[in-house]
Amino acid sequence: MDELQKKFGIRTDAVTGSYSIELRLLLQDEEAKRFLDEYNVVIRGEDRAVAAVFCAGWLSKIALALQYAISVWQIAPDFSIPYMTLHWTTNNHKTSYFIEMSHWQAVLAPENEVDRRDWLESVMERFYFATARPLLESLSAASGLHTQQLWGQWPTRFYREHQTWLEEQHNNEAIKNRLHEDYRFLREELDPEAAFARKKNPFAVKIRPLPPLIDPDYRPPMKTACCLYYRTEGSDYCYTCPRLNEQQREVKRKEYIAMLQENTHSCS
């Protein structure tokens, strides 16, 4: 659990001094609207749509935790909605998020490859259909934002984390192979109707790398959907925002590089 807490903010102990909501309450329209209104104050957003996108982005950590546990540890934790409570704390305008698990249970993957493939399909379909889909659809209904924009917060996050996990496991070929194959299965083989109740798998999108900022060896991926950060107080579009055209993105890139260089000089 220590690694799940460090990487994904998932823990089994209570979070003291925090705001919280049981995730099952987000399935109730009035509770979801109340939560989005309260959360919107914290992030200083324009409306519920901003809060819904931010919340959807953070909820992706549960899905990432499942993906990581499946590939690295060969287990499938039970992330059922009734077992989870969302907590958030604020300190100097910085917000931290945690998921408290009231019940912890995990199923070990089969050793046989054919059985493991069936197990993987069952685990992913159950999680996305019974946990992820209801939460995102409820946020969509409460905010008036299309579910496509909420699902769209996840693919780029998965891509970035997948690259990080591969680097962490650079000496373990077996885990690296599982990371590759399980990520490919999520994107290419998972039945969109059975898992997402959608005609298209939201992870089956092309990730587009953008020109580097400071590190010439790292090309940040363009987001697959706008995170609405520009609609929070005093904020602007991200460099990786899909709404920018190429001219706007180049201006943003130069501004970001100049800001980083200025901060580096001021600290030297």
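Preceding this paragraph is the structure being described.
Here the structure is a predicted model, which means the values were calculated and not measured.

J.: A description of helix α7 (residues 173–188) should follow, citing residues and the corresponding values.
T.: If you check α7, its first and last C-alpha atoms are 22 Å apart, about what 16 residues at 1.5 Å a residue would give, namely 22 Å. If you check which residues of α7 are buried, you get Ile175, Arg178, Leu179, Asp182, Tyr183, Phe185 and Leu186. When α7 is viewed along its axis, its buried side chains cluster within an angular range of 155 degrees and face the same direction. Capping the start of α7 is the job of one residue whose side-chain oxygen sits 3.3 Å from the backbone nitrogen of Ala174: Asn172.

J.: Would you mind going over the pairing of strand β5 (residues 94–101) in detail, with residue names and values included?
T.: Summarising the sheet, strand β1 (residues 10–11) and β5 pair through two bridges and their orientation is parallel. Directly across from Ile10, in β5, lies its bridge partner Ile99. The pairing of strand β4 (residues 84–91) with β5 spans eight bridges and is antiparallel. Bridging from a neighbouring strand, Leu86 pairs with Ile99 of β5.

J.: Mind laying out the environment of Leu135, listing which residues take part and the relevant values?
T.: With respect to the helices, strands and loops of the structure, Leu135 is situated in helix α4 (residues 113–143). Among the residues examined, Leu135 registers a relative accessible area of 3% and is labelled buried. Residue contacts for Leu135: discarding those within four places in its chain leaves Leu23, Leu26, Leu27, Leu59 and Ile81.

J.: Would you mind going over the nonpolar core in detail, with residue names and values included?
T.: Formed by 72 residues in total, the largest nonpolar core has its most connected members in Leu23, Phe35, Phe79, Ile99, Tyr128, Trp154 and Phe158. Looking at which element gives the most residues to this core, the answer is helix α3 (residues 48–73), with 17 residues. Each residue touching Phe79, except ones within four places of it in the same chain, is listed here: Ile10, Ile62, Ala65, Leu66, Met84, Met101, Trp104, Phe127 and Thr131.

J.: Explain the side chain of Arg11 to me, and be specific about the residues and the numbers.
T.: Among the structural elements, Arg11 can be located in strand β1. Arg11 sits in the buried class, given a relative accessible area of 13%. Within the structure, the side chain of Arg11 is placed 2.9 Å from the side chain of Asp13, a separation counted as a polar contact. Those residues in contact with Arg11, other than ones at most four positions away along the chain, are Met1, Gln5, Phe98, Ile99, Glu100 and Met101.

J.: An account of the packing of α3 against α7 is requested, with residue identities and associated values reported.
T.: One way to put it is that α3 packs onto α7 with a least axis distance of 8 Å and a crossing angle of 140 degrees. Relative to α7, the element α3 is oriented oblique. By crossing handedness, the relation of α3 to α7 is classed as right-handed. Contacts from Gln67, Ile70, Ser71 and Val72 of α3 reach α7 at Ile175, Arg178, Leu179, Asp182, Tyr183 and Leu186. Residue composition of the contact of α3 with α7, grouped by class: six nonpolar, two polar and two charged.

J.: Which residues make up the packing of helix α2 (residues 29–43) against α3, and what are the values?
T.: The N-to-C vectors of α2 and α3 enclose an angle of 90 degrees; their axes lie 8 Å apart at closest approach. As judged from the angle between their axes, α2 and α3 are roughly perpendicular. Contacts between α2 and α3 involve Lys33, Phe35, Leu36, Asp37, Tyr39, Asn40 and Ile43 from the former and Arg48, Val50, Ala51, Ala52, Phe54 and Cys55 from the latter. Of the residues belonging to the contact of α2 with α3, the class tally is nine nonpolar, one polar and three charged.

Definitions and limits used
- Residues numbered from 1 in each chain as written.
- Predicted model: local features only at pLDDT ≥ 70, side-chain atom pairs only at ≥ 80, totals over all residues.
- Heavy atoms only, no water.
- Helix = DSSP H or I, 4+ residues; strand = E, 2+ residues; numbered from the N terminus.
- Expected span 1.5 Å × (residues − 1).
- Buried < 20%, exposed > 50% of the residue type's maximum accessible area, 1.4 Å probe, protein only.
- Arc of directions from axis to C-beta.
- Polar contact = N/O pair within 3.5 Å; in protein donor to acceptor, adjacent residues only side chain to side chain.
- Pairing = 2+ DSSP bridges.
- Contact = heavy atoms within 4.5 Å.
- Core = buried A, V, L, I, M, F, W, Y, C linked by side-chain atoms within 4.5 Å.
- Axes fitted to C-alpha atoms, helices over the stretch in contact; angles between N-to-C directions.
- Parallel < 35°, antiparallel > 145°, perpendicular 65-115°, else oblique.
- Left-handed = near helix turned anticlockwise from the far one by under 90°.
- Nonpolar A, V, L, I, M, F, W, Y, C, P; charged D, E, K, R; others polar.

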